[in-house]
Amino acid sequence: MHEHDVIVVGAGGAGLRAAIAAQEAGADVAIVSKLHPVRSHTGAAEGGINAALRDADSWQDHAYDTMKGSDYLGDAPAVEALCQESPEEVIQLEHWGMPFSREEDGRVSQRPFGGLSFPRTTYAGAETGHQMLHTMYEQVVKRGVTVYDEWHVMDLAVTDEDDPADRTCHGVVAYDIQSGEVSGFRADNGVILATGGMGQVFDHTTNAVANTGDGVAMAYRAGVPMEDMEFIQFHPTTLPSTGVLISEGVRGEGGILYNSEGERFMFEHGYANNDGELASRDVVSRAELTEVNEGRGIEDEYVHLDMRHLGEERILDRLENILHLAEDFEGADGLTEPMPVKPGQHYAMGGIETNEHGETAIDGLYAAGECACASVHGANRLGGNALPELIVFGKRAGRHAAGEDMGEATVTTGKDGEWEAADYEFEIEVGETGGKGPAAADGGAVASDAESVLGATVERAKDRVDELLARKGRNHAEIRSKVQETMTANVNVFREEGRLEETLGDLREAREAYKDVAVSDPSRTFNTDLIHTMETRNILDIAEALTMGALARKEFRGAHWRKEHQERKDENWLKHTLVSWNDGEPELWYKPTILEGENKTYEPKSRSY
Amino acid sequence: MSTQIPKQTEESSETEAETDVASKGDERRAEKRRRAAEERARRQAEEAEKAAADEDTIELKVFRYDPEVEGKQEPRFDTFHVPFTKGMTVLDALMYSRDNYDSSLTFRHSCRQAVCGSDAMFVNGGQKLACKTQIVDLEEPIRVEPLPHAEVEKDLVVDMEHFYDQMEAVEPYFQTDEYPDGELEEQRQTRENREKVKMSTRCIWCGACMSSCNIAAGDNEYLGPAAINKAYRFAMDEREGEEMKQKRLEIIEQEHGVWRCQTQFSCTEVCPKDIPLTEHIQELKREAVKNNLKFW
């Protein structure tokens, strides 16, 4: 068994930042990650980091843009924390040597991004995430933070009280991919989940193969609610054959979208008469698919993104990486022809419910980054707001877990504040097949002191591995691809009731099939079959909660579009969706959005660009 | 033979014996292994038959090895026939083979877009990132092996620890004492200087360069192209200041540093991010010489 003050799960932007912060606050910290840190998907982020760095800009404007972009589903205290602290965090990265693009006077460059009232997206070419990830890993190396890389975290070691609010997290159990060893990692102060996105729930995604939402699913089964899972961002410019992302930076620099008729449809078909291509991502994605559905797509599938008019010099200076991506993954030369693009799953606005300090409803358990929902993105994330979230909330969670006094949080967790039960009957049974299990079915143990909780969780994890390796059954890959197909077909940019119900049925079948899953590779050495099989369970739980939220939310807000409900309904729906695992019988409930900031209230306005 | 198998096979089988005390599980596993092998053989036969009938299928010969699984302890090549689709990469073909024919086929991969650096391997005799290597550019049958000059853990997975150790040996983090006064003020850097270090910052730690380097193959302590490039990234960054640059040059001038490089350009040729590694190493040699003259 290993023991540290703080255990960080995941080594992307949020995890690395959390580890650095916890260590600076005096904690003995270790990172446990199924990938080596530099392999994390933060490295694929292209566009930039929003930060109000200049005199003509202000964090208040950034907060206003973010609340508007969120379609008023962001929680103002979290949004304001993000916007207030992003500038100092960006400068911190610069002081750690991050190679930002530069202006003539030697200061860091900023560019316009969708939904922003000021060009505040700070960038390093079109490879900002890569530079940020490596810069922070360098700091982790410098500080000698312990990293257990290629250890897959299977479970949280959480006590088993009936009410999740009474439970405590004492550590994690992980599987060493290289040796097959199962081991406990005791965290004396706290566990911080920073496991990133869950794009593998869909089959056309910009996310990595490793983005299976492990942290979200683990926290969920241990009793922490998932928040606002129905809000999925579909990025308007991904390459059709692979889902590889083409940065919003291309449109930020002046790139134009055309349909098969050669029309600049964002304006000519009135989708966004002011901002055109730079309207919010949800608006542009719907516009593109509407063009395709109405017969003005190219090959009935995609539209064109043209940046040729920017000129070779500017493209090479600011968007060089895009040329390589379009060439290598779509065979298109961005200097001489338009690039084919279509919407693809890109980002989960929802995730593990946390407050603005990164705390969850379970004592000792934190979350930060894409896996968390504080909530700063609400119903739609603005481009350039993901990277600042990683560093601001990574740092906050790290400090809090290390024991720093950060004052009382304004955002509540669990059923601590005002909440209401959902009035929705699902036609399809959801949750654990075979009904309710023991308390904290996957994350708990019948004990309360740290050692026995961890011990029992380790034993269960070992049994699970033995069982998967020993028995005969079906391979997970088929189940996973069925889930991905139904989610992409039915829980996409456009959503309608019948097909959402159908999806719950498909997911039920997938759950049944998963009961017979087995791993045919008998090896304890680098058994990726085993890892993928465990991940598929996480994908199932997330897909289901996401679809439940999508069915129940009978309105159109941000990224969530419903055929039968074409309006934002503020009188009923200024509230967050929460799904609790409830030991295997998922429970859907709501809590109000917090629109009151430090000095002002963000009154919902109609969101036009 | 282009790949190194760990020498201590006895040790690994011992570990297996230790972990598999439970005899029932042992039997079950053995039975399962037998059945899996039969199943595999059956499917392979089907594949081959189908391949003969279908021209649009590619043939992949993949290196297989597992230190603890019967039948895989002796390295071998397995053949997979994969239906070709437009734009298919070596990684796509491997994933197809794994998901449809043999779920034990093992390789690292994550981002699928040449930025995580997980899937460098030896494809038709050259170090490539599987995710950005198009099938149409390769001669068939396509031979896929783990990176040479590294210890094989299983199938296409090699031990990266040595590579990471070398990367970390060059103090791979920004260091300066010259911060601006204002708390929210950035250090200034000219566009030219940023341009100068730009290519060096693109390294994704894939290890292709190290694997291709003859010197690194013969001298285990040689820092290698990636680590020296990392040192270059900081030594050339004007924000670190002159004093720090001296220190950087001392690090790369050590016995197993830049002077070992014999400018064969193999690292530059295989780098999937087009980093001019050899040029960077040469430039550091020149800087070191200039520096030494200065202190004469």
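Quantities reported herein were computed from a predicted structural model and do not represent experimental measurements. (Residues numbered from 1 in each chain as written. Chains lettered and ligands numbered in written order. Predicted model: local features only at pLDDT ≥ 70, side-chain atom pairs only at ≥ 80, totals over all residues. Heavy atoms only, no water.)

### Things to note about the overall build of chain B
Counting its regular elements, chain B contains 11 helices and seven strands. Here the contacts in chain B between residues at least 6 apart in sequence split such that 67% fall between residues at least 24 apart. (Helix = DSSP H or I, 4+ residues; strand = E, 2+ residues; numbered from the N terminus. Contact = heavy atoms within 4.5 Å.)

### A word on the side chain of A:Thr212
Residue and element names in this part refer to chain A. Mapped onto the elements of the fold, Thr212 is located in the loop between strand S9 (182-193) and helix H5 (214-222). A residue is classified by how much of its surface remains accessible, and Thr212, at 1% relative accessible area, is buried. Setting aside chain neighbours within four positions, we find Thr212 in contact with Lys34, Gly197, Met198, Gln200, Arg480, Glu535, Asn538, Ile539 and Ile542. (Buried < 20%, exposed > 50% of the residue type's maximum accessible area, 1.4 Å probe, protein only.)

### Concerning unusual backbone geometry
In this structure, the amide linkage connecting A:Ala374 to the following residue, A:Ser375, adopts the cis form with an omega of 5°. Within the secondary structure, A:Ser375 sits in the loop between strand S17 (372-373) and helix H11 (386-401). Omega for the bond connecting B:Glu140 with B:Pro141 falls within 30 degrees of zero, at -5°, which places this linkage in the cis form. Inspection of the secondary structure assignment puts B:Pro141 in the loop between strand S4 (126-129) and strand S5 (142-145). The phi dihedral of B:Trp205 is positive, around 60°, even though this residue is not glycine. You can see B:Trp205 is positioned in the loop between helix H5 (191-198) and helix H6 (208-212). A positive phi angle is found at B:Thr263, which is not glycine, with a value near 45°. Here B:Thr263 is to be found in the loop between helix H9 (242-253) and helix H10 (266-270).

### A short note on the packing of helix H8 (residues 225-235) of chain B against H9(B)
All names here are of chain B. Between H8 and H9, whose axes approach to 9 Å, the crossing angle comes to 165°. When the interaxial angle is binned, H8 and H9 end up roughly antiparallel. Between H8 and H9 the crossing geometry is left-handed. Taken together, the residues of H9 that come into contact with H8 (itself represented by Ala231, Phe234 and Ala235) are Lys245, Arg248 and Ile252. Here the contact of H8 with H9 is composed, by residue class, of four nonpolar, no polar and two charged. (Axes fitted to C-alpha atoms, helices over the stretch in contact; angles between N-to-C directions. Parallel < 35°, antiparallel > 145°, perpendicular 65-115°, else oblique. Left-handed = near helix turned anticlockwise from the far one by under 90°. Nonpolar A, V, L, I, M, F, W, Y, C, P; charged D, E, K, R; others polar.)

### As for the pattern of salt bridges
Residues and elements named next belong to chain A. With the rule as written, the count across this model stands at 84 salt bridges over all chains. When the shortest N-O distance is used, the salt bridge between Glu353 and Lys591 registers 2.7 Å. Taken together, the residues span a long stretch of sequence, with Glu353 in strand S15 (residues 351-353) and Lys591 in strand S20 (residues 587-592) at a distance of 238 residues. Residue classification places Lys591 among the buried positions, given a relative accessible area of 5%. Counted as one network, the salt bridges with shared partners bring together Asp71, Glu230, Asp282, Arg286, Arg553, Glu555, Arg557, Arg568, Asp570 and Arg607. (Salt bridge = Lys/Arg side-chain N within 4 Å of Asp/Glu carboxyl O.)

### Remarks on the domain arrangement of chain B
All names here are of chain B. Its domain assignment divides chain B into domain 1 (51-158) and domain 2 (161-177 + 188-294). Each of domain 1 and domain 2 has a C-alpha centre, and these two points are 30 Å apart. Between domain 1 and domain 2, the residue contacts involve 11 residues of the former and 11 residues of the latter. Of the roughly 880 Å² buried between domain 1 and domain 2 on both sides combined, carbon and sulfur atoms contribute 55%. (Domains from an automatic or database assignment. Buried area = accessible area lost by both parts, 1.4 Å probe.)

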